[in-house]
Amino acid sequence: QNSLLRQTMRAQPALFEVGPPRGAGSGGMGPQALVTRATESEWDRILERDAQFGREEGLTQKPGGWYCPICEVDVAEGFIERHVGSTRHMRYRDARRQLEELEEKHRRGERPSYIEWRNGNEFCTLCGNYATEGHLESTKHRNRLAYQQQYSGASHVAALPAPHAANPAD
């Protein structure tokens, strides 16, 4: 419980102050004591707001805290907002959304005929490489695409093998 208190103090410093307890005269209570600024009902309200935020972001409640399925990590109670605002969580969330959008475009057939879906990624059959943004902007890809468009009947171009294409997720 002390480690949870220390974590909470780091995450929500405005809730705590260090000093002599309120109402303790100069009678010498010993070293400074940690005094919470938030009452129990305020703390409950803060935790409920945090919980609501977590549910909206897709976190699931479990005994002793929360679980973030995007990052595949446990999140301590009171730290949901901090976790969801973290660079790591935002990066993982954006990557997941982008992947879902790509999968949906693929299902609707909105990808060019030379783009396939392989290992959960778009794959360029013209060049035998995964269709990353960098690849699609490369000279090699643009030249092969121009050739394919010029000689649209050249089906052998689209059937080039991909013997050693690296998976961009590796």
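Before going into details, it helps to say that this report is about the structure given with it. Owing to the predicted nature of the structure, the values given are computational and were not obtained by experimental measurement.

### A word on the overall build of the chain
Piece 1. When its secondary structure is counted, the chain shows seven helices and eight strands.
Piece 2. Relative to its full complement of 170 residues, the chain shows a buried share of 26%.
Piece 3. For the chain, the proportion of contacts with a sequence separation of at least 24, taken over those separated by at least 6, is 33%.

### Points about the nonpolar core
Piece 1. With 10 residues, the main nonpolar core is built from A51, L59, W66, C68, I70, C71, V75, F79, I80 and V84.
Piece 2. Those elements that provide at least two residues to this core are β4 (65–68) and α3 (80–84).
Piece 3. Leaving out residues up to four positions away in the same chain, C71 has contacts with H83, R88, H89 and Y92.

### Brief notes about the sheet that holds strand β7 (residues 121–124)
Piece 1. Sheet architecture is open: three strands sit in the order β6-β7-β8, paired in antiparallel fashion. One side of each edge strand has no neighbouring strand; the edge strands of this open sheet are β6 (115–118) and β8 (129–130).

### Some remarks on the side chain of E122
Piece 1. Within the secondary structure, E122 is located in strand β7.
Piece 2. With a relative accessible area of 10%, E122 lands in the buried category.
Piece 3. Ignoring any residue separated from it by four or fewer positions in sequence, one finds E122 in contact with L102, R111, I115, E116, W117, Y130 and A131.

### Details of the sheet that holds strand β5 (residues 73–76)
Piece 1. Taking strand neighbours across the sheet as the criterion, the three strands line up as β3-β4-β5 in an open arrangement whose pairing is antiparallel. At either margin of the open sheet sits one strand with a lone partner, and together these are β3 (60–62) and β5. On average, adjacent strands in this sheet sit at an angle of 40° to one another, irrespective of strand direction.
Piece 2. Here four bridges tie β4 to β5, and the two strands are oriented antiparallel to one another. For C68, the partnering residue across the bridge sits in β5 and is V73.

### Focus: the environment of R96
Piece 1. Inspection of the secondary structure assignment puts R96 in helix α4 (residues 87–108).
Piece 2. For R96, a relative accessible area of 36% corresponds to the partly exposed category.
Piece 3. Expressed as a C-alpha distance, the spacing of R96 and I70, which sit 26 residues apart in the sequence, is 7.7 Å.
Piece 4. Setting aside residues up to four positions removed in sequence, R96 forms contacts with P69 and I70.

Cut-offs and rules
Residues numbered from 1 in each chain as written. Predicted model: local features only at pLDDT ≥ 70, side-chain atom pairs only at ≥ 80, totals over all residues. Heavy atoms only, no water. Helix = DSSP H or I, 4+ residues; strand = E, 2+ residues; numbered from the N terminus. Buried < 20%, exposed > 50% of the residue type's maximum accessible area, 1.4 Å probe, protein only. Contact = heavy atoms within 4.5 Å. Core = buried A, V, L, I, M, F, W, Y, C linked by side-chain atoms within 4.5 Å. Pairing = 2+ DSSP bridges. Axes fitted to C-alpha atoms, helices over the stretch in contact; angles between N-to-C directions.

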